[in-house]
Structures are given as structure tokens and as C-alpha cells.
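The primary structure of each chain is shown beneath.
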Amino acid sequence: MSQDVIPAGSAQPGDAVHPGPPVTVNRYGPLQRLNHWITASSLILLLLSGMALFTPELFFLTGLFGGGQNTRTFHPWIGVILFFSFFIFFFQLWKANLPERTDWIWLTRIKDVVGGHEENLPELGKYNAGQKFIFWGMTGLILVLIASGLLIWDQYFGEATSILIRRIAVLTHAIAAVLIICMFILHVYAGIWTRGTLRAMTRGTVTGGWAWRHHRKWLRQLAGRRKVDPAE
Amino acid sequence: MSGTMAEQPRTAVSNPPVRALAANFGEQDMMRRSATRSEPVPTRQLTPVAKLIDVSKCIGCKACQSACIEWNDTDPGVGVNVGVYENPHDLTDQMYTLMRFTEWVNPETSNLEWLIRKDGCMHCADPGCLKACPAPGAIVQYTNGIVDFIHENCIGCGYCVKGCPFNIPRISQTDHRAYKCTLCSDRVAVGQGPACAKACPTQAIVFGTKEDMKKHAAERITDLKSRGFANAGLYDPPGVGGTHVMYVLHHADKPNIYSDLPDNPRISPLVETWKGMTKYVGLAVMGFAAVGSIVHGIFGRANRVAREDEENAEKLVEGRPVPPPPEEPAPETRAG
């Protein structure tokens, strides 16, 4: 298997290119997409229920969950669902998100990234440094949120730690939540701004042109693999 | 129901009225309401009340606990003897007040002193529970100083537990709401003092206006000083703006010897940061991120795939020549 050491294009099992026109490229399989959307729905529900308890101006959002008591009950359980769905997803993707030298070049040319001048950027594998940042940032923040969240889950762990620990946990939870919401906004925005990206998570495929433009090294690898092994 | 309004109580020892009286304070007297931006504006200022607990007069009989259970109709259950006097072993959602016992050897006299402190809500002027509470109107403060939990608004999150400098509120595992001493707000409203003060056989617990209680405390402190307790004093901690439950301590210089009564209680800086800066900076940052991306989305140029990109992809897949990869400083060597 050529996928278990991380090749430069970071192609993963299931990634494949189909000749066109138009050329399409498989980017995410059905299970990965399912996991992504379970995680995404959980995150949105957590955002709504969490913000309701974060500031009185948004307390009305508890109405979406059937009142304050229900919001307080559901929020931690949704967090548990997100934790598991995210980490299944994590183990599907982490190898392709390992940092490499190209990421530093990409980051130093962030102006060209934002300006859409991709001709000035190095050819990229399956993920660019921004996507990797979201991936590892989400990973770290979700770990912080689940750990601090368990400590302040009053119904089951209310008495497990000292009040000082719980105060630290509740502050940490709030700060981590703010950061993950910003990261979530960045993630959604990048997916919309980079046209043609959303279909990777809906249909599972992107166009050949999208892959050529944004992840050329990955596309070259898939095309090369196809020449070697045209079966499939 | 009689239209006559009960007077504000100035003592706990008076007998109850023989006919029904209208409550002398209520919603219109709220001065703070949890998770509410615009503070309620009370139409009048009630005379601040206070409960004074003179630990030097306490005999540890627990009549206050019994009276509390009786009046509030709670059921702490039958406990287990683990060799200490506290019963139950801690405050619970069914036990709003608890006698805490400490055996303390006075280093100056080598005498064993049995310190008994009636623990319970201190009714802070600056209540940490109210500050921490996310549920509108679940914790309120009246102009007479009583801090009360309005249970139908409580969501059971336990934030009040983190906010309280005295570790008082307890969350029920049955109805998932927070409970603590109410200073018998329902008794005070009809002119009666708190049940614990009423039941106390030595009047170690007394109740009245805060001013009267301070005067009474001053007399007690003078008396204690004349008996050799040079450090006798009043516990009305300024860090929480003073409290509406105060102690006369014979060793007021070290409150912590009385079962860890905080020396300088205040709302934890962690709670202040959580409810202050984190909230405002957090909302600003999240708002900026959301608005920024919407504005950039509307006015910025989207990153679109060009026709040329699609053509190159087609050529690549068909094996026709395409622009080669640029010279890289050093090729990736990890590829297998």
C-alpha cells in the first residue's frame, strides 16, 4: 500500500479521479461525509445551546431546546456525540493533515492566498496549511472543551472536583468555545469563498479544475496512480 | 385574604399574627435579577434586615436545623454516623443550614475550644451566585438584602455553586434546581423572623434590621472582650459588600478556624473574568469574525475555478502535456 506512509500528495484510500469531461475527483466517502455532518450538526446545536447560557441576550435560544432545563440537559450529551463523531473523523483524516515544508511556504504567502493568486503558491497536497490549521485547531479545542465540559457537567460530575477546579474549567470552557466558534466561522467561510468546495462534503466529489487549482499535487498523484493501476 | 400588610419584622421572637396578612415585600422590591440587562427599579427602599449568629452563645443543639427542616418542609433523610457531629455531613438540597463543629487548640492558652458555626447562605450584598447565574430571574435580590432563588426559573446548571464564595448552593438531583437558605423570605414577608432564629434556645441566632443587629453585635463584642476574648469581632465581610447574615466571632482575627469560614471572601477573579471580560471580548471577537466574513463575502472576490483549470485537469487525466510542477527547493522525501 502506498497510502500508509504519507506521500507528498497525501491521497487517501477512496480518493480517485474519474476522466471527464468534466473530470471529477472523489474527495470524501459516504462515511466521512456522514461523520462530518453529524459533527457539524452537533457543533451548531452546541453553539446555540451554549450561547444561550453564555449571555442573557441569547437566553431565548433555550426555546429551541424546550426551555432552560432541557438546554442544560441536552448540551453535554450533544458534546459527547460531537466528541465521538469528530474523533472517528479525526482518525480518517489525520495522516493527510500532518505538517510538511510546503505549509510554511503557503503560510508565508498568505497574502496571495487571500488575494486568490494561487499561481504564486506551491503545489499542494490534499490539504493546505489553512485546512490543517482548522483540523488541528478543532482537534485541540474539542479536547479542551470535552475535558472542561465534563468537569462542569453538574448532574454527573458536580461533586467530582473542587470548586476552584470547576471555576477554572468553566472559564476555560467559555474561552475555548469562543475560539472554536471563530474557527467554525473561518471554516464555513473558507468553504464558501473557495467556490466548488461545498460539493466535496455533499456529493463527495470535486471537479478536476478545483483539484488542479487548489490541490494540484494531490491531483497529480491521483492521476499518476490511475496510470499505474487503471482498474477500478 | 386580609388587605392589611404585615409589618417588616424587627425581631424573630414575636408571635405570629392571628389573621392572614398581605406580604410586605415582593417582586416590586427586587433590586437585582440574574441574567437581566436592565436591573429592576424598586419603587421603595426596604429597611435592610440581617441575621446575627453569635457563635459564642451557640450550644450546638441543632434546633435551628430542625426548625429549618420543619419550616421549609425538606427531608434530609436519615444519615450515617461517621464519628463527627455534623448531621447531615454537609449542606444538601434538603438541608439549608448546618452546624459545623471544630475542635481547636488555642495556641495561646493551650485550651481546647469547641467552635460551632451555623453554616448557610450569607445573603451577600454582592452575591456571586447571582452574578454567575445564566437564567433570567432565577436568582433575585430584594432591597431588604435577601438573596432568593426563584426555583421555576432555575435550570440546574450549577453556575451559582461556582459563583458563591461560601460554597452554599446545592443542586437537587431530583428536580435539578438549586436550593439554599432563603432567610425565610416567606416568613419575613409576613412579619416573622427566620425559623432558625425563632427556634434558637440561647438566642445565639437573632434577627432584625441590619443596623440593630450591628448594635447588638457591638454589645456582645464588648462583653466578649471583657471576658478575655481580645480579638472578638463582627464578621460582615466587605469583600462581598457586607452580608445579611453576620457572625459574632470570639476569634474574629482568624475566621478560617471556624470550619474554613473564608478570611476575605470575594467573588473569585475567575468568575469575574468569566462573566466579565470573556463575555464581552468573546462576543466582540465572534461578532467581528461573523460580520467580517459576511462583508468579505459580499464585497470580496470569490476564489473561482477557471476554465483553464478544468482543461488542465482533463489534459492531466488524459496524459496530455500540462504545466509541470515548479522547481521545489527540496523534494519531499517521505514519499514511499
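Residues numbered from 1 in each chain as written. Chains lettered and ligands numbered in written order. Predicted model: local features only at pLDDT ≥ 70, side-chain atom pairs only at ≥ 80, totals over all residues.

1. Brief notes about the overall build of chain B
For clarity, the cut-off: The helix count covers DSSP runs of H or I at least four residues long, the strand count covers runs of E at least two residues long, and both are numbered beginning at the N terminus. The globule rule is 2.2 Å times the number of residues to the power 0.38, and the radius of gyration it is compared with is taken over C-alpha atoms. Residues are defined as contacting one another if the C-beta atoms placed from their backbone atoms lie within 7 Å.
A tally of helices and strands in chain B yields nine helices and 11 strands. The C-alpha radius of gyration of chain B comes to 30 Å, more than 25% above the 20 Å expected for a compact globule of 336 residues. A principal-axis box enclosing the C-alpha atoms of chain B has dimensions of 105 × 60 × 40 Å. Contacts in chain B between residues far apart in sequence, at least 24 positions, make up 62% of those at least 6 positions apart.

2. Looking at the domain arrangement of chain B
Put simply, the rule is: Boundaries of every domain are those given by an automatic assignment or by a domain database.
According to the domain assignment, chain B consists of domain 1 (27-267) and domain 2 (278-318). The C-alpha-based centres of domain 1 of chain B and domain 2 of chain B are spaced at 56 Å.

3. With respect to the pairing of strand β4 (residues 112-119) of chain B
All names here are of chain B. In plain terms, the rule: A pair of strands counts as paired when DSSP detects no fewer than two bridges linking them.
Bridge count between strand β3 (residues 98-105) and β4: eight bridges; the pairing is antiparallel. When the sheet's bridge partners are listed, Phe101 is paired in β4 with Ile116. Here β3 folds back onto β4, and the loop between the two strands holds six residues, one of which, Ser110, carries a positive phi near 60°.

4. Some points on the confidence of the model for chain B
For any part of a model where pLDDT is low, the fine detail of the predicted coordinates should not be relied upon. Residues and elements named next belong to chain B. Our working rule: Summary of the metric used: pLDDT quantifies the predictor's per-residue confidence within the range 0 to 100.
In this model, chain B carries an average pLDDT of 92, and 96% of its residues clear a pLDDT of 70 or more. Across residues 331-336, confidence stays below pLDDT 50; counting only partners more than four residues off in sequence or on other chains, it has nine contacts. Reported confidences for the modelled complex are a pTM of 0.91 and an ipTM of 0.91.

5. Remarks on the sheet that holds strand β1 (residues 30-33) of chain B
Residues and elements named next belong to chain B. Put simply, the rule is: Between the N-to-C directions of two axes lies an angle of 0 to 180 degrees, each axis being a line fitted to C-alpha atoms and, for a helix, fitted only over the stretch in contact.
Across the sheet, three strands lie side by side as β1-β5-β6; this open sheet has antiparallel pairing. The open sheet has two free edges, formed respectively by β1 and β6 (147-149), since each of these has just one partner strand. Along the sheet, successive strands turn relative to each other by an average axial angle of 30°, direction set aside. Pairing analysis gives three bridges linking strand β5 (residues 139-142) to β6, with the strands arranged antiparallel. Residue pairing in the sheet places Gln141 in a bridge with Val147 of β6.

6. Overview of the packing of helix α7 (residues 163-193) of chain A against helix α8 (residues 277-299) of chain B
Threshold: Relative orientations are named as follows: roughly parallel for angles under 35 degrees, roughly antiparallel for angles over 145 degrees, roughly perpendicular for angles from 65 to 115 degrees, and oblique for any other angle. Residue classes follow a fixed rule: Ala, Val, Leu, Ile, Met, Phe, Trp, Tyr, Cys and Pro count as nonpolar, while Asp, Glu, Lys and Arg count as charged, and any other residue, Gly among them, counts as polar.
Relative orientation of the contacting elements α7 of chain A and α8 of chain B amounts to 0°, with a least axis distance of 10 Å. Taken together, the axes of α7 of chain A and α8 of chain B lie roughly parallel to each other. Judged by residue contacts, Leu171, Ala174, Ile175, Val178, Ile181, Cys182, Ile185, Leu186, Tyr189, Ile192 and Trp193 of chain A of α7 of chain A engage Thr278, Gly282, Val285, Met286, Ala289, Ala290, Ser293 and Gly297 of chain B from α8 of chain B. Across the contact of α7 of chain A with α8 of chain B, the residue classes tally to 15 nonpolar, four polar and no charged.

7. As for unusual backbone geometry
Residue and element names in this part refer to chain B. Our working definition: Counting other C-beta atoms within 10 Å of a residue's C-beta gives its exposure: the residue is buried at 20 or more, exposed at 12 or fewer, and partly exposed in between, where C-beta atoms are placed from the backbone.
The residue after Asn87, namely Pro88, is reached through a cis peptide bond having omega -5°. Inspection of the secondary structure puts Pro88 in the loop between α1 (63-72) and β3. Located in the positive-phi region is Lys62, a residue other than glycine, with phi close to 70°. Among the structural elements, Lys62 can be located in the loop between β2 (49-54) and α1. Look at Lys62 and you get partly exposed, because 19 C-beta atoms sit within 10 Å. The backbone of Ser110 shows a phi angle near 60°, a positive value even though the residue is not glycine. When you line up the elements, Ser110 lands in the loop between β3 and β4.

8. Remarks on the nonpolar core
Test applied: The term nonpolar core means buried Ala, Val, Leu, Ile, Met, Phe, Trp, Tyr and Cys residues held together as one set by C-beta atoms within 7 Å.
Counting residues in each nonpolar core, the largest one holds 108 residues, and the members touching the most others are Cys133, Ile139 and Cys160 of chain B. At 10 residues, the largest contribution of residues to this core is made by α7 of chain A. Filtering out sequence-adjacent residues up to four positions away, Ile139 of chain B remains in contact with Ser34, Cys129, Leu130, Cys133, Val147, Phe149 and Cys160 of chain B. Grouped together as the second largest cluster of nonpolar side chains are 18 residues, Val23, Val25, Tyr28 and Ala211 of chain A included.

9. Remarks on the interface of chain A and chain B
Each partner contributes residues to the interface: chain A has 56 residues there, and chain B has 51 residues. At the level of secondary structure, the elements contributing two or more residues to the side of chain A that touches chain B comprise α1 (30-54), α2 (68-93), α7, α9 (208-214) and α10 (216-228) of chain A. At 16 residues, α7 of chain A tops the list of elements feeding residues into the side of chain A that touches chain B. Considering only residue class, the side of chain A that touches chain B consists of 33 nonpolar, 13 polar and 10 charged.

10. Some remarks on the sheet that holds strand β9 (residues 205-209) of chain B
Residue and element names in this part refer to chain B. Strands sit in the order β9-β2-β11-β10 across an open sheet of four strands; the sheet is mixed. Pairing within the sheet leaves two strands with one partner each, and these edge strands are β9 and β10 (233-235). The average angle at which neighbouring strand axes cross in this sheet is 25°, direction not considered. Pairing of β2 with β9 involves five bridges; the strand directions are antiparallel. Bridging from a neighbouring strand, Lys51 pairs with Phe207 of β9.

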